[in-house]
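Residue strings, one per chain:
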Amino acid sequence: MPRQLESDAVLVIDGIERAVHARISIFDDGTPKTWFGSFTAGDPGLERALLNARSAILRMPDGKEGSIRTSDGPSRKRGEVSFTGSGQPPT
């Protein structure tokens, strides 16, 4: 069963910071851990910026970070962007 985390965060796309609200699912049963989630933000161009990004990092309030890329999530809501994490999750 995944561990769930929901928090305000900062999405850093090619060095530009944007405030988001992130929901993350972390599966601890494998090595490396797998993680994915979604975020919402007031910026309608955010998904396009993430699609075209050279680098994208999700930074949590405690300063921990993880690299992400866009993905097609199981249920897309208006204004929500799904992502898949790579490497260690930011927890």
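Everything below is about the structure printed above this text.
Report follows, based on the coordinates. Keep in mind it's a predicted model, so treat the numbers as computed, not measured. (Residues numbered from 1 in each chain as written. Predicted model: local features only at pLDDT ≥ 70, side-chain atom pairs only at ≥ 80, totals over all residues. Heavy atoms only, no water.)

### Digging into the overall build of the chain
For step 1, the next point in the chain: Along its length, the chain carries one helix and six strands.
For step 2, the next point in the chain: Put simply, the chain runs from its N terminus to its C terminus through helices and strands in the order β-β-β-α-β-β-β.
For step 3, the next point in the chain: The C-alpha radius of gyration computed for the chain amounts to 12 Å, which stays within 12% of the reference 12 Å derived for 91 residues, consistent with globular compactness.
For step 4, the next point in the chain: Considering the chain as a whole, with its 91 residues, one finds that 31% of them fall into the buried category.
For step 5, the next point in the chain: Taking the intrachain contacts of the chain between residues at least 6 apart in sequence as the baseline, contacts between residues at least 24 apart amount to 50%.
For step 6, the next point in the chain: Within the structure as shown, the chain displays about 5600 Å² of accessible surface, and the carbon and sulfur contribution to it stands at 50%.
For step 7, the next point in the chain: Each charge class in the chain was averaged separately, 12 positive and 12 negative side chains, and the resulting centres sit 3 Å apart. (Helix = DSSP H or I, 4+ residues; strand = E, 2+ residues; numbered from the N terminus. Rg over C-alpha atoms; globule rule 2.2 N^0.38 Å. Buried < 20%, exposed > 50% of the residue type's maximum accessible area, 1.4 Å probe, protein only. Contact = heavy atoms within 4.5 Å. Areas by Shrake-Rupley, 256 points an atom, 1.4 Å probe, with all protein chains shown as cover. Lys, Arg positive; Asp, Glu negative; His and termini not counted. Charge placed at Lys NZ, Arg CZ, Asp CG, Glu CD.)

### Brief notes about the pattern of salt bridges
For step 1, the next point in the chain: A full pass over the atoms with the stated rule returns five salt bridges.
For step 2, the next point in the chain: With a shortest N-O distance of 3.0 Å, E17 and R59 are connected by a salt bridge. Taken together, the residues span a long stretch of sequence, with E17 in strand β2 (residues 16-27) and R59 in strand β4 (residues 56-59) at a distance of 42 residues.
For step 3, the next point in the chain: A salt bridge links E80 to R23; the nearest nitrogen and oxygen atoms lie 2.9 Å apart. With E80 in strand β6 (residues 80-86) and R23 in strand β2, the pair connects residues that are 57 residues apart, well separated along the chain.
For step 4, the next point in the chain: E80 sits in the buried class, given a relative accessible area of 10%.
For step 5, the next point in the chain: Each of the salt bridges in this network shares a partner with another, and the network as a whole consists of E17, R59 and E65. (Salt bridge = Lys/Arg side-chain N within 4 Å of Asp/Glu carboxyl O.)

### Notes on the pairing of β6
For step 1, the next point in the chain: Across the seven residues that make up β6, a large majority, five, are buried.
For step 2, the next point in the chain: In the sheet, strand β3 (residues 34-40) pairs with β6 via five bridges, with the strands oriented antiparallel. Directly across from F39, in β6, lies its bridge partner V81.
For step 3, the next point in the chain: Here strand β5 (residues 65-70) runs beside β6; their pairing, made up of four bridges, is antiparallel. Bridging across to β6, R69 finds its partner in T84. (Pairing = 2+ DSSP bridges.)

### Brief notes about the packing of aromatic side chains
For step 1, the next point in the chain: Taken as a whole and assessed by the stated rule, the structure comprises three aromatic pairs.
For step 2, the next point in the chain: A centroid spacing of 5.8 Å and a plane angle of 25 degrees characterise the contact between F39 and F83, whose relative ring orientation is stacked. On the criterion of sequence distance, the pair formed by F39 in strand β3 and F83 in strand β6 is long-range, its members being 44 residues apart.
For step 3, the next point in the chain: We classify F39 as buried; its relative accessible area is 0%.
For step 4, the next point in the chain: Taken together, the ring pairs in this structure connect W35, F39 and F83 into an aromatic cluster. (Phe/Tyr/Trp six-rings, centres within 6.5 Å; stacked < 30°, edge-to-face > 60°.)

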